[in-house]
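# Chains, contacts and geometry: an overview
Single-letter residue listing:
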Amino acid sequence: MDDETLNRLAVEALLEEAKLGAKRAEIMGPSGWIKPKESINKRFLHSTLRNVVLSNKYQLKRRSEKQLHRSESTLK
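Predicted model, so just to flag it, every value in this text is computed and none were measured.

Turning our attention to the overall build of the protein chain. The helix and strand inventory of the protein chain stands at two helices and zero strands. Expressed as lengths along the three principal axes of its C-alpha atoms, the size of the protein chain is roughly 90 × 25 × 10 Å. Of all 76 residues assigned to the protein chain, the portion counted as buried reaches 5%. In the form shown here, the protein chain has an accessible surface area of approximately 7,500 Å², with 60% of it arising from carbon and sulfur atoms.

Turning to the domain arrangement of the protein chain, a few remarks are in order. Assigned domains within the protein chain: domain 1 (1-33) and domain 2 (40-75). Averaged C-alpha coordinates put domain 1 and domain 2 at centres separated by 48 Å.

Turning to a positive patch on the surface, a few remarks are in order. On the surface, R62, R63, K66 and R70 cluster together into a patch of positive charge. Along the chain, R70 falls in helix α2 (residues 42-75). The class of R70 is exposed, set by a relative accessible area of 55%.

Another aspect to go through is the pattern of salt bridges. In the structure shown here, the tally under the stated rule is one salt bridge. A salt bridge links E12 to R8, with the shortest nitrogen-to-oxygen separation between them at 3.0 Å. Highlighted residues: E12 and R8, both in helix α1 (residues 3-28), separated by four residues, approximately one helical turn. E12 gets classed as partly exposed once you look at its relative accessible area, which sits at 42%. Judged by its relative accessible area of 45%, R8 is partly exposed.

To continue, consider α1. Because an α-helix completes one turn every 3.6 residues, residues spaced three or four positions apart along the sequence face the same direction. With 26 residues, α1 should reach 38 Å at 1.5 Å per residue; the first-to-last C-alpha distance of 37 Å fits that figure. Phi for G29, located one or two positions after α1, is positive at around 90°.

What follows deals with a nonpolar patch on the surface. Together, M1, L6 and L9 line one region of the surface with nonpolar side chains, adding up to about 330 Å² of accessible area. A residue is classified by how much of its surface remains accessible, and L6, at 43% relative accessible area, is partly exposed.

Basis of the calculations
- All residue numbers refer to position in the chain's written sequence, counted from 1.
- Local features in this predicted model are restricted to residues whose pLDDT is 70 or higher, and side-chain atom pairs enter the listing and the counts only when it is 80 or higher, whereas totals over whole chains, interfaces and linings include all residues.
- Side-chain metrics in this entry use all non-hydrogen atoms of the structure; hydrogen atoms and water are not considered.
- Counting from the N terminus, the helices are DSSP H or I runs at least four residues long and the strands are E runs at least two residues long.
- Exposure categories follow from relative accessible area, calculated using a 1.4 Å probe and restricted to protein chains: below 20% of the type maximum is buried, above 50% is exposed, and the middle band is partly exposed.
- Note on areas: these come from Shrake-Rupley sampling with a 1.4 Å probe, and a residue is covered only by the protein chains present in the view.
- For the domain bounds, the source is a domain assignment made automatically or taken from a database.
- Patches were defined on residues exceeding 30% relative accessible area and lacking a salt bridge, with like-charge contacts within 9 Å and nonpolar side-chain contacts (Val, Leu, Ile, Met, Phe, Trp, Tyr) within 5 Å.
- Take a side-chain nitrogen of Lys or Arg and a carboxyl oxygen of Asp or Glu: if they are within 4 Å of each other, that pair is a salt bridge.
- When charges are counted, neither His nor the chain ends are considered; positive counts come from Lys and Arg and negative counts from Asp and Glu.
- Every charge is mapped to an atom, namely NZ of Lys, CZ of Arg, CG of Asp or CD of Glu.
- Expected span of a helix: the number of residues minus one, times 1.5 Å.

Okay, structure coming up:
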């Protein structure tokens, strides 16, 4: 390929990328210009899910203890 063909293809690719960014910006606002990430941070996701599950278990335990305490106090 000659330089002219490579330049034309580069310009077409840049224009196509700009059009896609503009479409994303219409939907998502200014952050739409940022390209979507290809992968997720699995370590962060895993630790977040683990902490949520532990927190839910703790809250359920506290609620059941409160309900047990309330039912014991109403029986007295």
